[in-house]
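Okay, here's what each chain looks like letter by letter:
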Amino acid sequence: MKPLSNRSKKVQKREMSFSEKAYLPAIAQGLGITLKHFFRKKATVQYPEQTRERSDVWRGLHVLKRDENGAERCTACGLCAVACPAEAITMTAGERKAGEEHLYREEKYAVTYEVNMLRCIFCGLCEEACPKAAIFLQDDKIAPARYERDEFIYGKDRLVEPLKTTETK
Amino acid sequence: MESVDLIYKAIYILAIFGVTLLIATYSTYFERKIAAFIQDRVGPNRAGPLGLLQPLADAGKLFFKEDFIPAKSNKALFIIGPGIAMLVAAMSSAVIPFGDTLIIGGHEIFLQAIEVNIGVLYIFGVVSLGVYGLMIGGWASNNKFSLLGAIRAASQNISYELAMGLSLIAVLMLSGSLSLRVIAEQQAGFNWNIWYQPLGFLIFLICAFAETNRTPFDLPESEAELIGGYHTEYGSMKLGMYLFAEYINIFVASAVMATLYFGAYNFPFMLELETWLVDATESAITANNIVTLIGTAVMFAKIFLFIFFFMWVRWTLPRFRYDQLMKLGWQILIPLAILNILLTGGGILLKDYLF
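Residues numbered from 1 in each chain as written. Chains lettered and ligands numbered in written order. Predicted model: local features only at pLDDT ≥ 70, side-chain atom pairs only at ≥ 80, totals over all residues.

In the nomenclature of an unreviewed UniProt entry, chain B corresponds to NADH-quinone oxidoreductase subunit H from the organism Pontibacter aydingkolensis. For the record of chain B, the UniProt heading Catalytic activity (unreviewed entry) holds the text "a quinone + NADH + 5 H(+)(in) = a quinol + NAD(+) + 4 H(+)(out)". One UniProt comment on chain B, placed under Subunit (unreviewed entry), says "NDH-1 is composed of 14 different subunits. Subunits NuoA, H, J, K, L, M, N constitute the membrane sector of the complex." (UniProt positions renumbered as here; feature names shortened; annotations may be inferred.)

Can you tell me about the overall build of chain A, naming the residues and giving the values?
Within chain A, the regular secondary structure consists of five helices and five strands. Element order for chain A, N to C, with α for helix and β for strand: α-α-β-α-β-β-α-β-β-α. Here chain A has a C-alpha radius of gyration of 29 Å; the compact-globule value for 169 residues is 15 Å, and the former is much larger. Reported as C-alpha extents along the three principal axes, the dimensions of chain A are approximately 95 × 55 × 30 Å. For chain A, buried positions account for 14% of its 169 residues. Taking the contacts inside chain A whose residues are at least 6 apart along the sequence as the reference set, 74% of them involve residues at least 24 apart. (Helix = DSSP H or I, 4+ residues; strand = E, 2+ residues; numbered from the N terminus. Rg over C-alpha atoms; globule rule 2.2 N^0.38 Å. Buried ≥ 20, exposed ≤ 12 C-beta atoms within 10 Å, placed from the backbone. Contact = placed C-beta atoms within 7 Å.)

Residues and numbers for the overall build of chain B, please.
Check the secondary structure of chain B and you find twelve helices and two strands. Secondary structure elements in chain B, listed N-terminal to C-terminal, are α-α-α-β-β-α-α-α-α-α-α-α-α-α. Dimensions of chain B, computed from C-alpha atoms along their principal axes, come out at roughly 70 × 50 × 45 Å. Partitioning the contacts of chain B with sequence separation of at least 6, the portion at a separation of at least 24 is 79%.

Requested: an account of the packing of helix H4 (residues 119–140) of chain B against helix H5 (residues 144–175) of chain B, with residues and values cited.
All names here are of chain B. Remark: H4 packs on H5, axes separated minimally by 8 Å, with the N-to-C direction vectors making an angle of 170°. Comparing their axes, H5 and H4 come out roughly antiparallel. Together, Val-120, Phe-124, Ser-128, Val-131, Leu-134, Met-135, Gly-137, Gly-138 and Trp-139 of H4 and Ser-146, Leu-147, Gly-149, Ala-150, Ala-153, Ala-154, Asn-157, Glu-161, Gly-165, Leu-168 and Leu-172 of H5 make up the contact between the two elements. Split by residue class, the contact of H4 with H5 holds twelve nonpolar, seven polar and one charged. (Axes fitted to C-alpha atoms, helices over the stretch in contact; angles between N-to-C directions. Parallel < 35°, antiparallel > 145°, perpendicular 65-115°, else oblique. Nonpolar A, V, L, I, M, F, W, Y, C, P; charged D, E, K, R; others polar.)

Before we move on, can you summarise the environment of B:Gln156 with the specific residues and values?
Here B:Gln156 is to be found in helix H5. Other than its neighbours up to four places away in sequence, B:Gln156 contacts B:Ala210, B:Phe217, B:Leu219, B:Pro220 and B:Leu325.

Would you mind going over the confidence of the model for chain B in detail, with residue names and values included?
Averaged over all residues, the pLDDT of chain B is 85; the fraction at 70 or higher stands at 100%. For this predicted complex, the interface score ipTM comes out at 0.77, while the overall pTM is 0.80. (pLDDT = per-residue confidence, 0-100.)

Tell me about the interface of chain A and chain B, and name the residues and values.
How big an interface is tends to be stated in terms of accessible area lost as the parts join. Counting from both sides, the interface comprises ten residues of chain A and, opposite them, nine residues of chain B. Across the side of chain A that touches chain B, the residue classes break down as four nonpolar, four polar and two charged.

I'd like a rundown of unusual backbone geometry, residues and numbers included.
All names here are of chain B. The backbone of Asp-40 shows a phi angle near 60°, a positive value even though the residue is not glycine. Here Asp-40 is to be found in the loop between helix H1 (3–38) and helix H2 (54–64). The class of Asp-40 is partly exposed, set by 13 C-beta atoms lying within 10 Å.

I'd like a description of the sheet that holds strand S2 (residues 89–95) of chain A, backed by residues and values.
Residue and element names in this part refer to chain A. One open sheet accounts for three strands, arranged S2-S3-S5; its pairing is antiparallel. Of all the strands in the sheet, just S2 and strand S5 (153–154) have a single pairing partner and so form its edges. With two bridges joining them, strand S3 (residues 108–116) and S5 adopt antiparallel strand pairing. Note that in S5 the partner of Asn-116 across the bridge is Ile-153. (Pairing = 2+ DSSP bridges.)

I'd like to hear about the nonpolar core, residue by residue, with values.
B:Ala85, B:Ala163, B:Phe204, B:Cys207, B:Ile248, B:Phe251 and B:Met257 are the most contacted members of the largest nonpolar core, which totals 84 residues. Sort the elements by how many residues they give to this core and helix H9 (residues 236–261) of chain B lands first, with 16 residues. In this structure, B:Met257 is in contact with B:Phe204, B:Leu205, B:Ala208, B:Phe262 and B:Phe306, ignoring residues within four places of it in sequence. With 17 residues, the next largest nonpolar core counts A:Cys80, A:Cys84, A:Ala110 and A:Cys120 among its residues. (Core = buried A, V, L, I, M, F, W, Y, C linked by C-beta atoms within 7 Å.)

Describe the packing of H9(B) against helix H11 (residues 284–314) of chain B, with residues and values.
All names here are of chain B. The interhelical angle for the contact between H9 and H11, taken along N-to-C directions, is 125°, at an axis separation of 8 Å. Of the possible angle classes, the one that applies to H9 and H11 is oblique. Handedness of the crossing formed by H9 with H11: right-handed. Contacts between H9 and H11 involve Ile-250, Phe-251, Ser-254, Ala-255, Met-257 and Ala-258 on the former and, on the latter, Met-299, Lys-302, Ile-303, Phe-306, Ile-307 and Phe-310. A class-by-class count of the residues in the contact of H9 with H11 yields ten nonpolar, one polar and one charged. (Left-handed = near helix turned anticlockwise from the far one by under 90°.)

Talk me through the environment of B:Ala89; I want residue IDs and the actual numbers.
Residue and element names in this part refer to chain B. Looking at the element boundaries, Ala-89 is found in helix H3 (residues 75–91). Ala-89 gets classed as buried once you count the C-beta atoms within 10 Å, which come to 28. For Ala-89 and Gly-133, which are 44 residues apart along the polypeptide, the C-alpha to C-alpha distance reads 9.9 Å.

Please give an account of the UniProt feature "transmembrane region" (unreviewed entry) in chain B that cites residues and values.
The feature "transmembrane region" (unreviewed entry), as given by UniProt, occupies residues 6–29, 76–99, 119–141, 162–184, 190–210, 247–270, 290–312 and 332–350 of chain B in the numbering adopted here. Within the segment residues 190–210 of chain B, helix and strand shares are 62% and 0% respectively, and the terminal C-alpha atoms sit 29 Å apart.

Talk me through H3(B); I want residue IDs and the actual numbers.
All names here are of chain B. Compared with an ideal rise of 1.5 Å per residue, which puts 17 residues at 24 Å, H3 spans 25 Å between its outermost C-alpha atoms and is within 8% of the ideal. For H3, the full list of buried residues reads Phe-78, Gly-81, Pro-82, Ile-84, Ala-85, Met-86, Val-88, Ala-89 and Ala-90. Those residues of H3 that are buried are in contact with H1, H4 and H9. (Expected span 1.5 Å × (residues − 1).)

Quick rundown of helix H12 (residues 322–354) of chain B? Include the residues and the values.
Residue and element names in this part refer to chain B. A rise of 1.5 Å per residue sets the reference length of H12, with its 33 residues, at 48 Å; its end C-alpha atoms lie 46 Å apart and thus fit the reference within 8%. The sharpest bend along H12 reaches about 30° and sits at Leu-333, with the proline Pro-335 one to four residues further on. Considered for burial, the residues of H12 that qualify are Leu-325, Leu-328, Gly-329, Leu-333, Ile-334, Ala-337, Asn-340 and Thr-344. Its buried side turned inward, H12 meets H5 and helix H7 (198–211). (Bend = angle between axes of the 7 residues up to and from the residue.)

The following block contains the structure:
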């Protein structure tokens, strides 16, 4: 058969030379390679003590932000839940009562706000959709491994940013 | 033998036994550490400083695991198997000279547990018994994989023991003695056997790898095809005993190689050092003791070097195929060993003729 191109090479099984048959030179070469790795810098990150450096745009665990007075910014508009491609966010809205102005910035607020971390794909679309700059994905926290599936549903207790006053340490 | 000598001997035997066990224990640690370093990792470093308590943690884990015996197994043999492996491995370090003579209070103590004039034969006899441990364990498990592993271990050990013995004959022709003590004494200074027996050492080294069931000859326990080979059915400390016996065997094999080919406790310029020390300390006894202790340290350094080599090779080479293993043993190593004997014999005759 005529070859389609002239680039094909004829493969032939070459008889091994004596040094190749003896294996020992090749073994010595291999030992040299492993010895080189023995003294090489290690790739390990000592995790609990050290953490791998993350990018500035790294998207981790969600946080519900407060405004400068410590009131929750979220107004329970539901845009994040609509934007969410994984349908991880659910919320129920409630009306702010008199005397709760220091807790919630708008008249309407989220009574419950839940993110299912098993569904969440950490795409950051909720962050983009939010008109009140209330939800953000932090760049330094992750959702850690847990034993039960329902422990991955993060409610407001774990999502809302802690008050500044409690952080005066 | 006086009672004082007897006490010294008893202390020495206990010390050597303890050192053997300690080295075997920490071999597991260094195995993991060296494996990690070769693979660009750091290895165990959580248990204690630098992970040095890791062997204790491992042993504790093994002790507290369920000690089960398979229902259809031969119960007595199943228990005896790891015992034989361990006993035989621990026995073989008895005749190895770890140092020259120490003089304490007028008593000369040779740093060797038992001096027998057939030390080499003793070691080979005892080491070849080790295969009974594997064979009995594999057979008693009543499991096809275990049995296959045990059969592999047996046939491999028989094949390689031949080449090992033949390569050793050349050394015995040079030394004219079967006593490890005499062989060690003949290699005083830098007059090591390796300079006369490079080929013999190479054959011996390869056979030692096969005898201790280490990669690239760890077919008896090849985890990819036989699960765990002869120790598939074993758990808890019985498994621990098998693994431990393997490390003791490595230690003994390293010690034998150091003794037979790398001058045992001898190091270069030891005689010059001793004469210098006699002048410096004005006491022949002190000088002798210092040189002996340095020699013991040198012996252990050589052993550790070989143990490192065993591990280094393990994490470098892939496993042989079984037919390759047999071909290497019967068709290459045994003819080479016979050739080595002929060359050595010719060399000795030539030397007698010329000088």
